[in-house]
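# Remarks on the overall topology
The residues making up each chain are set out below.
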Number of protein chains: 2
Amino acid sequence: MSTPTGSRRRADAVRNRRLALEAATALLSEPGAALTVEAIAKKVGLGAATVVRAFGGKDALLDAAVSGLLEPVVRRARDLLAETTPTRALHVFLRELLAFQTAHHGINDQLGGLDLPATTALRADLVRAVEEMIDGARREGTVRTDLDPGVTTTLIGQTALAVARARPPSQELADAYLTVLLDGLRPPAAP
Amino acid sequence: MSTPTGSRRRADAVRNRRLALEAATALLSEPGAALTVEAIAKKVGLGAATVVRAFGGKDALLDAAVSGLLEPVVRRARDLLAETTPTRALHVFLRELLAFQTAHHGINDQLGGLDLPATTALRADLVRAVEEMIDGARREGTVRTDLDPGVTTTLIGQTALAVARARPPSQELADAYLTVLLDGLRPPAAP
DNA sequence: AATCAACTGGAACGCACATTTCAGTTATCG
DNA sequence: CGATAACTGAAATGTGCGTTCCAGTTGATT
């Protein structure tokens, strides 16, 4: 049903599609990378036209690359929520999220203005998961309740962005961010 | 000496230069603004060529606009350092800095890749002033000393960036950021 | 091997910008 | 009021993209 008379899609095209995706993904981890179609094409040794066609446009290609990176992160967030307490999930997940961001700088640099539906959907999932963590942690008394929960989530997202933007990438910086963030999110000591 | 035989520069040119600068400055406070030469020109009702020529290029125009906004902020930081304790200076200044960023979103959005010498210099001054505040506050025991001072400064800068990026601009969000940041920067409670 | 649709990539195109050109306009000065 | 040099802005130019075209190539199917 899916491929009626054998695959109409040639093997080399499938291979090139995979190569283009891999090259785009690799570029997302390179700090100052140009993130142009030509840069991706050059990396694989293909023509620019071929790279673009494989996914139907630059945006679709990058959407696939970014969402491919993001998908395991989102799954991890949900797994943690199921496995452990919200507070522990929040702490563990934030540590991992910042490590992820440290490893993939390009991911947030030049993506503005692009249409990335799958990525946007995943981001929404991620936000939902973090909101759950915060909500639970607040109930457990480990996160301050004097701030709007949505604001707290935004704060976390922006922290992740800031880590991704750090040049050069620095795990030390990410750790410092996390320390300050978590201490700042704790309920303020009673007078 | 400066204008040997009367001004060689015509009055209308001087006026247009001022108008271009004002328009560029205004655009820096508009969230989704395009920040193109044409957008600036349209705002003043001048031709694009005139706007660019007034400063010798788009970069120079924006450099003038941004540094014009930044200059009082830097002066304020230095004044606070001279007037009061480092801790108080840090708190007061951060509040004002975040309010400034809330008011001028465009300021950090599309400035990447532009050559802004005056702005860069002012930013360096600002960083120096903040470093002084932190250094003093650490000595006063109001800021944790278990983080690298430079990292702490970067953290503050990134927080300011995050506030500038908030859409829509929100003083509430800025306040939340500040609260978390300052609490996170406090020395951790002794066991 | 033969056939043919799928595929490829260099070149052409379209688009958005900043910048430069240049014929016409206008402030300024004698 | 001229005369002249500064100024203006619509159009032309240059640049850096993403995308599309199309003549040539190659994998798949018989």
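Just so it is clear, the model here is predicted, and its values are computed rather than measured.

## Observations concerning the overall build of chain A
- The helix and strand inventory of chain A stands at nine helices and zero strands.
- Along chain A, from the amino end to the carboxyl end, the secondary structure elements read α-α-α-α-α-α-α-α-α.
- Relative to its full complement of 191 residues, chain A shows a buried share of 41%.
- Of the roughly 9,700 Å² that chain A leaves accessible, carbon and sulfur atoms contribute 54%.
- A gap of 7 Å separates the mean positions of the 23 positive and 22 negative side-chain charges of chain A.

## Let's talk about unusual backbone geometry
Residue and element names in this part refer to chain A.
- Across the junction of R167 and P168, the peptide omega takes the value -5°, indicating a cis bond.
- Secondary-structure assignment places P168 in the loop between α8 (149-165) and α9 (171-185).
- Non-glycine residue L35 carries a positive phi angle of around 60°.
- Examined against the element boundaries, L35 turns out to sit in the loop between α1 (11-27) and α2 (37-44).

## Some remarks on the UniProt feature "DNA-binding region" (unreviewed entry) in chain A
- Under the UniProt annotation, the feature "DNA-binding region" (unreviewed entry) is placed at residues 36-55 of chain A.
- The distance from the first to the last C-alpha atom of residues 36-55 of chain A is 15 Å, and the span holds 80% helix and 0% strand.

## Quick notes on helix α5 (residues 86-103) of chain A
Residues and elements named next belong to chain A.
- Taking 1.5 Å as the rise per residue, α5 with 18 residues should run 26 Å; its terminal C-alpha atoms sit 25 Å apart, in good agreement.
- Looking only at α5, the buried set comprises T87, A89, L90, F93, L94, L97, L98, F100, Q101 and T102.
- Among the structural elements, α4 (58-83), α6 (106-109), α7 (117-139), α8 and α9 are those in contact with the buried residues of α5.

## A short note on the relation of the copies chain A and chain B
- The two copies are related by a screw motion: chain A maps onto chain B through a turn of 180° and a shift of 0.1 Å along the axis, at an RMSD of 0.1 Å. Such values leave the two copies arranged in the relation of a two-fold axis. It is G184(A) whose C-alpha, among those of chain A, lies nearest the rotation axis, at 1.9 Å.
- A share of 100% of interface residues in chain A that are also interface residues in chain B marks the association as one of identical surfaces.

## Describing the nonpolar core
- Judged by nonpolar contacts, the single largest core of 116 residues is most densely connected at F93(A) and F93(B).
- In this structure F93(A) touches V73(A), A77(A), L80(A), L126(A), V130(A) and M133(A), once residues within four positions along its chain are discounted.

## With respect to the protein's contact with DNA strand D
- Taken together, 22 residues are adjacent to DNA strand D, and R10(A), K58(A), R10(B), N16(B) and T50(B) come closest.
- Each atom of DNA strand D within 4 Å of the protein was assigned to sugar, phosphate or base; sugar and phosphate come to 69%.
- Between a phosphate oxygen of DNA strand D and a main-chain N or O atom of G47(B), the distance comes to 3.0 Å.
- R53(B) is positioned with one of its side-chain polar atoms (N or O) 2.9 Å from a base nitrogen of DNA strand D.
- Where the surface near DNA strand D is concerned, the elements lending two or more residues are α1 and α3 (48-55) of chain A together with α1 (11-27) and α3 (48-55) of chain B.
- Partitioning the surface near DNA strand D into residue classes produces seven nonpolar, six polar and nine charged.

## Some thoughts on the pattern of salt bridges
Residues and elements named next belong to chain B.
- Counted according to the given criterion, the structure contains 23 salt bridges over all chains.
- Residues R10 and D12 are paired through a salt bridge, measuring 2.9 Å at the closest nitrogen-oxygen approach.
- For R10, a relative accessible area of 59% puts it in the exposed group.
- Here D12 falls in the partly exposed class, since its relative accessible area comes to 32%.

## Brief notes about the interface of chain A and chain B
- Across the boundary between the two partners, chain A contributes 20 residues, which contact 20 residues of chain B.
- Each partner contributes to the roughly 1,700 Å² buried at the junction of chain A and chain B, and carbon and sulfur atoms together form 68% of this total.
- Viewed at the interface, chain B and chain A are joined by two salt bridges.
- Close ionic contact of D183(B) with R144(A) constitutes a salt bridge, the shortest N to O distance being 2.7 Å.
- At the surface where chain A touches chain B, the tally comes to four residue pairs in polar contact (both at pLDDT 80 or more).
- Of all elements in the fold, only α8 and α9 of chain A reach the threshold of two or more residues within the side of chain A that touches chain B.
- Partitioning the side of chain A that touches chain B into residue classes produces eleven nonpolar, four polar and five charged.

Definitions and limits used
- Residues numbered from 1 in each chain as written.
- Chains lettered and ligands numbered in written order.
- Predicted model: local features only at pLDDT ≥ 70, side-chain atom pairs only at ≥ 80, totals over all residues.
- Heavy atoms only, no water.
- Helix = DSSP H or I, 4+ residues; strand = E, 2+ residues; numbered from the N terminus.
- Buried < 20%, exposed > 50% of the residue type's maximum accessible area, 1.4 Å probe, protein only.
- Areas by Shrake-Rupley, 256 points an atom, 1.4 Å probe, with all protein chains shown as cover.
- Lys, Arg positive; Asp, Glu negative; His and termini not counted.
- Charge placed at Lys NZ, Arg CZ, Asp CG, Glu CD.
- UniProt positions renumbered as here; feature names shortened; annotations may be inferred.
- Expected span 1.5 Å × (residues − 1).
- Contact = heavy atoms within 4.5 Å.
- Least-squares fit on C-alpha atoms with pLDDT ≥ 70 in both.
- Core = buried A, V, L, I, M, F, W, Y, C linked by side-chain atoms within 4.5 Å.
- Near = heavy atom within 4 Å.
- Polar contact = N/O pair within 3.5 Å; in protein donor to acceptor, adjacent residues only side chain to side chain.
- Nonpolar A, V, L, I, M, F, W, Y, C, P; charged D, E, K, R; others polar.
- Salt bridge = Lys/Arg side-chain N within 4 Å of Asp/Glu carboxyl O.
- Buried area = accessible area lost by both parts, 1.4 Å probe.

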